[in-house]
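Fold and contact review
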Protein chains: 2
Amino acid sequence: MIRVGVNGYGTIGKRVADAVALQPDMEVVGVAKTKPNFEAHTADQRGYEMYAAIPDRAPLFGDAGVELAGAVDELVAAADIMIDCTPSGIGAENKSLYESYDTPAIFQGGEDATIAEVSFNARANYAAACGTDSVRVVSCNTTGLSRVIAPLQEAYGIEQVRTTLVRRGGDPSQNSRGPINDILPNPISIPSHHGPDVNTIFPDLAIDTLGLKVPATLMHVHALNVTLKSDVTVAHVRQLLEEESRIYVISEGMGIDGAGKLKDFAHDAGRPRGDIWENCVWGESIAISGRDLYFFQAIHQESDVIPENIDAIRAMTESATAAESIELTNRTLGVGITGSPVGVVDTDHSGVEAADD
Amino acid sequence: MIRVGVNGYGTIGKRVADAVALQPDMEVVGVAKTKPNFEAHTADQRGYEMYAAIPDRAPLFGDAGVELAGAVDELVAAADIMIDCTPSGIGAENKSLYESYDTPAIFQGGEDATIAEVSFNARANYAAACGTDSVRVVSCNTTGLSRVIAPLQEAYGIEQVRTTLVRRGGDPSQNSRGPINDILPNPISIPSHHGPDVNTIFPDLAIDTLGLKVPATLMHVHALNVTLKSDVTVAHVRQLLEEESRIYVISEGMGIDGAGKLKDFAHDAGRPRGDIWENCVWGESIAISGRDLYFFQAIHQESDVIPENIDAIRAMTESATAAESIELTNRTLGVGITGSPVGVVDTDHSGVEAADD
């Protein structure tokens, strides 16, 4: 059993902890948190040992009725591997803590690529992380791009990627973020930083990216153009994408015209938190003009990196091959919607199996 | 077993069906739907028999790979009771269908009060629905108001209720609704229709309501003023509300400042679709000035009427007392967050019980 510690129990950390707890080869040693808010109470309820991320604030937890197992350095000492899920920039501050205990660590995509030996996407470069002591799982957007670039490059070769990322302003609970009535070129400088981030996974890829932020909270949407090296058909590209376990090609007729209905679909299927771990590509949008491929995809910023974090643990500990890890992660989490209704994941948490009686 | 049919499988219908399926004394005979969109696929996956709400469109279901059990009139014939969850106004069109088969029916709050023998809220007037053949479960907002009015009236007496309802513009998936950048007095005429709707439950209550719509999708928020007939303290009111099984008083220190975090809390607790069946009253907001009581509450428009629909079934069939039905509905659905973390519902759909191993 790989003993995993999670530092930071917010949007990403709580999902990572739940995903680790579902793995047959891993266990959650504990989670560290800065303050005893509602998420701390739920962690407590779920049976995760709680550690104070800021030791001076430990008394606040007792006052709030949340029992502490210790301070974060004790968690780092006890863990075989730490997953840092703290806000962007804090991971860099924590790096020396992990190193001081010789505890390998996984960082998130908000950190600079230099924080770790390798930037990671399970589909694209699993092997590169094998045996390393520090890995950075790339951001939600870079993860989403990597998952489509890898199969396209393997099947057809890529001359150039040009992508416009229409990004949500904040998560549903981040009510102090904007914009609330604007469309922000962000960053205004072109190309955006997303292209270079994709290059941490595909060093030789020609990619230009443009970023914007809009008043939305549910998902990001990418408008992609990929100039391929081979002639292809829409049907062939569609089949290629449908065969990817972490890409869901939305069928025509499902009546899914945006992120709201995608989230409803995930909720109806009984997914935890309505999470959508897969890239969601609109099948109808796939278009070919010469060697230019175009399509839209939606990316759930809160959850698409979760399976990648799990796979990164197995890569670093060299406990599985890429194919083995991806299959196990997908199966335990329930990743993989196919185009047909048969593939809808139903974890039956609401007990509706009784409907058949 | 009470054989329940659900006509309309959208936001309310799918939740009602899942809730019925969880009841030990009920079963879902089938659900009727107008088109085979993503929700039809999920219903199929959950094992609900599917009926065509518009018989002419039956072929569309076959084309989409969704098997039909028949047309909606066959469902009405087979059911002991129908729950009409169709959009506002369609329920009135369906009334004669239910009557033609002598099938008792429950309608939703979007219909006129005249559609049914009684308008219903389990906490306030369960007995009024006993033995009737038609019931209207009042709207999400009226349900939310009834749940706080009932205990306040019983404990202190009420001289006057004045409420401002700051309403969400649409549900998260309703992306064609507005406003997107405005604050609409809606309806502009004062008082709004909400007060008279509350009077369908409390005929003699003095209540004035003002409605607005804002660019939000997650929940409604009510700003309440209740002039009481007795002198009270903040602590006494708080305790009174905390003792109500369908009111959640948000504790200070939970860090919950709006609907986004409330939804995150529900998601973290593993609730299906992140539903919040309870009124959510901010404990810090409870204030007293003379005999004027003030507080804020958030109402989850997609789900607070679901337990009420279940209780309405038992009232109409006279198969349980109000207390028995409310207790059973709460227990089977997981309704009832208490102020302490102990009360957080964890249906463990993500399997995190493994974290304790």
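Chain A is annotated in an unreviewed UniProt entry as Glyceraldehyde-3-phosphate dehydrogenase from Haloquadratum walsbyi. According to UniProt, the comment filed for chain A under the heading Sequence similarities (unreviewed entry) is "Belongs to the glyceraldehyde-3-phosphate dehydrogenase family." The record in UniProt for chain A states the following under Pathway (unreviewed entry): "Carbohydrate degradation; glycolysis; pyruvate from D-glyceraldehyde 3-phosphate: step 1/5."

Next up on the list: the pattern of salt bridges. Pairing is possible between side chains of opposite charge, provided their charged atoms come close. All names here are of chain B. A full pass over the atoms with the stated rule returns 50 salt bridges over all chains. We note a salt bridge from E39 to K33, for which the minimum N-O separation is 3.6 Å. For the pair shown, E39 and K33 are each scored as buried. Between D311 and R246 there is a salt bridge, and its shortest N-O distance comes to 2.8 Å. Residue D311 is located in helix α11 (residues 306-316), and its partner R246 is located in the loop between α9 (234-242) and β13 (247-250); the two are separated by 65 residues in the primary sequence.

All names here are of chain A. Taken across its 11 residues, helix α11 (residues 306-316) has 11 buried, putting it largely inside the fold. By the burial criterion, the buried members of α11 are I306, P307, E308, N309, I310, D311, A312, I313, R314, A315 and M316. Positioned one or two residues after α11, E318 has a phi angle of 50°, which is positive.

This next bit is on the packing of helix α7 (residues 140-156) of chain B against α9(B). How two helices pack is summed up by the angle between their axes together with the distance between the axes. All names here are of chain B. Running from amino to carboxyl end, α7 crosses α9 at an angle of 130°, the nearest separation of the two axes being 10 Å. Judged by the angle between their axes, α7 and α9 are oblique. Every pair of crossing elements has a handedness; the one defined by α7 and α9 is right-handed. Facing V148, P151, L152, A155 and Y156 of α7, the residues of α9 in contact are H236, V237, L240 and L241.

This brings us to the packing of aromatic side chains. To describe a pair of aromatic rings, one takes the distance between the centres and the angle between the planes. Summed over the entire model, instances satisfying the criterion amount to 10 aromatic pairs over all chains. On the basis of an interplanar angle of 50° and a centroid distance of 5.8 Å, the ring pair of A:Y98 and A:F107 is categorised as tilted. Take A:Y98: its relative accessible area is 1%, and that puts it in the buried class. Taken together through their ring pairs, the aromatic side chains of A:F38, B:Y248 and B:F265 make up a single cluster.

Quick notes on the rules
Residues numbered from 1 in each chain as written. Chains lettered and ligands numbered in written order. Predicted model: local features only at pLDDT ≥ 70, side-chain atom pairs only at ≥ 80, totals over all residues. Heavy atoms only, no water. UniProt positions renumbered as here; feature names shortened; annotations may be inferred. Salt bridge = Lys/Arg side-chain N within 4 Å of Asp/Glu carboxyl O. Buried < 20%, exposed > 50% of the residue type's maximum accessible area, 1.4 Å probe, protein only. Helix = DSSP H or I, 4+ residues; strand = E, 2+ residues; numbered from the N terminus. Axes fitted to C-alpha atoms, helices over the stretch in contact; angles between N-to-C directions. Parallel < 35°, antiparallel > 145°, perpendicular 65-115°, else oblique. Left-handed = near helix turned anticlockwise from the far one by under 90°. Contact = heavy atoms within 4.5 Å. Phe/Tyr/Trp six-rings, centres within 6.5 Å; stacked < 30°, edge-to-face > 60°.

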